[in-house]
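Results of the structural survey
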Amino acid sequence: MSGGPFEEILNGAGNAKNTENAGTKNTAIGAENYGINATAHTENAGNGTAADAENSERSAMDSYVENSKRGMVYSENTGNGTAADTENTDKRKAGVGFMRGALVLSVTAIIAKLLGAFYRIPLTNILGAEGMGLYQLVFPVYALFLSVATGGMSVAVSRSVAEKNALGESPAGVLKAAALVIFALSAVAAVACRLSAIPASALQGNGEAAALYKVMSPAIFFAGGLAFFRGWFQGNMRMLPTGLSQLTEQAVKLAAGLAFAYLFLPQGTTAAAAGAILGVTVSEAAAFLILAAMFAFSKKRNIGHARLDKNSLREMLKIALPIATGSLLLPLAQLIDSFMLINLLKATGATIGGATGGYGILTAPVASLVNLPIVLTISLAVAIVPAVSAGRVDRNIDSVLKKSALGIKCAYIIGLPCAFIMLIFASPILRLLYPALAAGELSLAVTLLRISAFEIFFMSGMHIYAALLQALDRASAPLKNLAAGIGLKVVLTLVLVPRIGLAGSAIATLAMAFTAYALDAVSLRRLLAPKTGFVKNVAEIMLAGVITGAAAALFFKFIPSPLTAFLTGAAVSVVLYVCLLAAFKVFDRDELASFPFGKRLRGKKRSKNLR
């Protein structure tokens, strides 16, 4: 096999795996920990920011090497056959446990996303464009404070608990250290958010947002507690509590947010928006109380009599701080946007109400529709990181390439038709979901959604490529690539928005997504240089997408009613797309077997590489 970066990674993994004849039993434990920690971070990366995982991946790999070294004594006293059997058994159990957890988190994340999207529809109708602009204006600052308070801590807790459990040691010390750090930082961040309400809203160009900051600040404290409890449950490979807390957040926000917004609407738009924000705070508190109760009644919490020592605190901070730094990147970009857009629009002659309303349209209905399909590829990225990581550690090139190819295919297959549907049916979708928008607001939303449509495709690809790079121990690459994309976005926003308005912001965001996607694809291509053709049928996927898009456009053109054209055209297009994928034989037999009920599709022959 020819040399190259990919072979160096595999050889490095092999050397770590066999360091001083490391025992197979603890090697399997190390590999399991590596997969768990990489997965845990991807599951908790804020809204699709898989690039956050750089230091988590690196630290987890260091732990894996350490566990391999600890296996020396075991290796000297255990037969090869028994060790091999143990390794295979451990891998099967780890794989089954991870996939079950990944499935739970994927399903609950999709349901939560749908609830969130549904919530925004009646909320937009209650608040209007200006009210939604106020509502959306506070979230970038909130996300920044939240990242400062909790960024990386959930991953650090999850990783530490999993490692201690695997080594047969008590995680109580690091749990107490994590509790101290998380709750202290969360309290400080909540107070800081409250104190920054007036200056932050002034910098954003609308002082009325100060009231919303005051209402939202307690949510940061509860979100910090959620990060702690979720990390503990995930470290014990219990994903259901995290999923239930996500669903609780969205369900309570849906009920309380709409109720408070409607109740306070007679007092004005600002009061109604503050009511919706109060629903967010209540939802975080409800999810926190549920997880706290589950933790209190858990038999494995083992935290009561532990002694807090400096080593545990140092260990926790060493893991968490680098991840927290990376997790600030996207919230910081959103914060910059919130500071720039309204002020740039006001400089062109727009009123405060008009500028805030336009910002609300861009960040609420348009962003929600764009992000809805992307949650599917985020879930796929969650599952693919440990799967490819395990293949890399085992030096199984065939498995790595096959799973990588399948992940890339799925991302393309999801992103392409969704992009075409949003592009073609932007008007009927927005009319159907947001009937309260005025004619001018609807026209702006349609324009912005059509510009942003292919952001779905590029973001889908970016998430998968970033996840693969992280799994192949190149986690710094997607982080740098995303930073480059954000830099381009800021420049284009400053140049375009004063000239063409909010369409310039949509173009800048699309450019950011394309840049990160393209650079990630190049990084992976360089890494797999000898295997650049490992993804088959990409041309067929593209052709199927174009044909499907053309069919959808025909429906939209020749059916008089836009709503009827959307409902019938979208349904027929999806069926046509699936038929084209089958006709072009996009998936081979082994790939089909990896899907739920896939073995029925491919026959009785078992897959050897995707099991």
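Refer to the preceding data block for the structure.
Here goes a summary of the coordinates provided.

The rules behind these values
- Residues numbered from 1 in each chain as written.
- Predicted model: local features only at pLDDT ≥ 70, side-chain atom pairs only at ≥ 80, totals over all residues.
- Heavy atoms only, no water.
- Helix = DSSP H or I, 4+ residues; strand = E, 2+ residues; numbered from the N terminus.
- Buried < 20%, exposed > 50% of the residue type's maximum accessible area, 1.4 Å probe, protein only.
- Contact = heavy atoms within 4.5 Å.
- Areas by Shrake-Rupley, 256 points an atom, 1.4 Å probe, with all protein chains shown as cover.
- Axes fitted to C-alpha atoms, helices over the stretch in contact; angles between N-to-C directions.
- Parallel < 35°, antiparallel > 145°, perpendicular 65-115°, else oblique.
- Nonpolar A, V, L, I, M, F, W, Y, C, P; charged D, E, K, R; others polar.

Overview of the overall build of the protein
The helix and strand inventory of the protein stands at 25 helices and zero strands. Within the span of the protein, comprising 611 residues, buried residues form 55% of the whole. Considering only residue pairs separated by 6 or more positions, the protein has 83% of its internal contacts joining residues 24 or more positions apart. If you sum the accessible surface of the protein, you get close to 24700 Å²; carbon and sulfur atoms cover 65% of it.

A look at unusual backbone geometry
The backbone phi angle of Lys585 is positive, close to 50 degrees, even though this residue is not glycine. For Lys585, the location among the structural elements is in the loop between helix 23 (562-583) and helix 24 (589-593). A relative accessible area of 65% means that Lys585 is categorised as exposed.

Comments concerning the packing of helix 9 (residues 197-204) against helix 14 (residues 329-347)
Helix 14 packs onto helix 9 with a crossing angle of 50 degrees between their chain directions and a minimal axis gap of 7 Å. Put simply, helix 9 runs oblique to helix 14. In this structure, helix 9 contributes Ala200, Leu203 and Gln204 to the contact, and helix 14 contributes Ser338, Phe339, Ile342 and Asn343. For the contact of helix 9 with helix 14, the residue count by class is four nonpolar, three polar and no charged.

Quick word on the side chain of Ser573
In this fold, Ser573 is placed in helix 23. The residues contacting Ser573, other than those within four sequence positions of it, are Thr548 and Ala552.

Details of the side chain of Gln246
Within the secondary structure, Gln246 is located in helix 11 (residues 240-264). Look at Gln246 and you get buried, because its relative accessible area is 17%. Not counting residues within four places of it along the chain, the set of residues in contact with Gln246 comprises Thr108, Ala109, Ala112 and Arg230.

The analysis is restricted to geometry; functional conclusions fall outside its scope.
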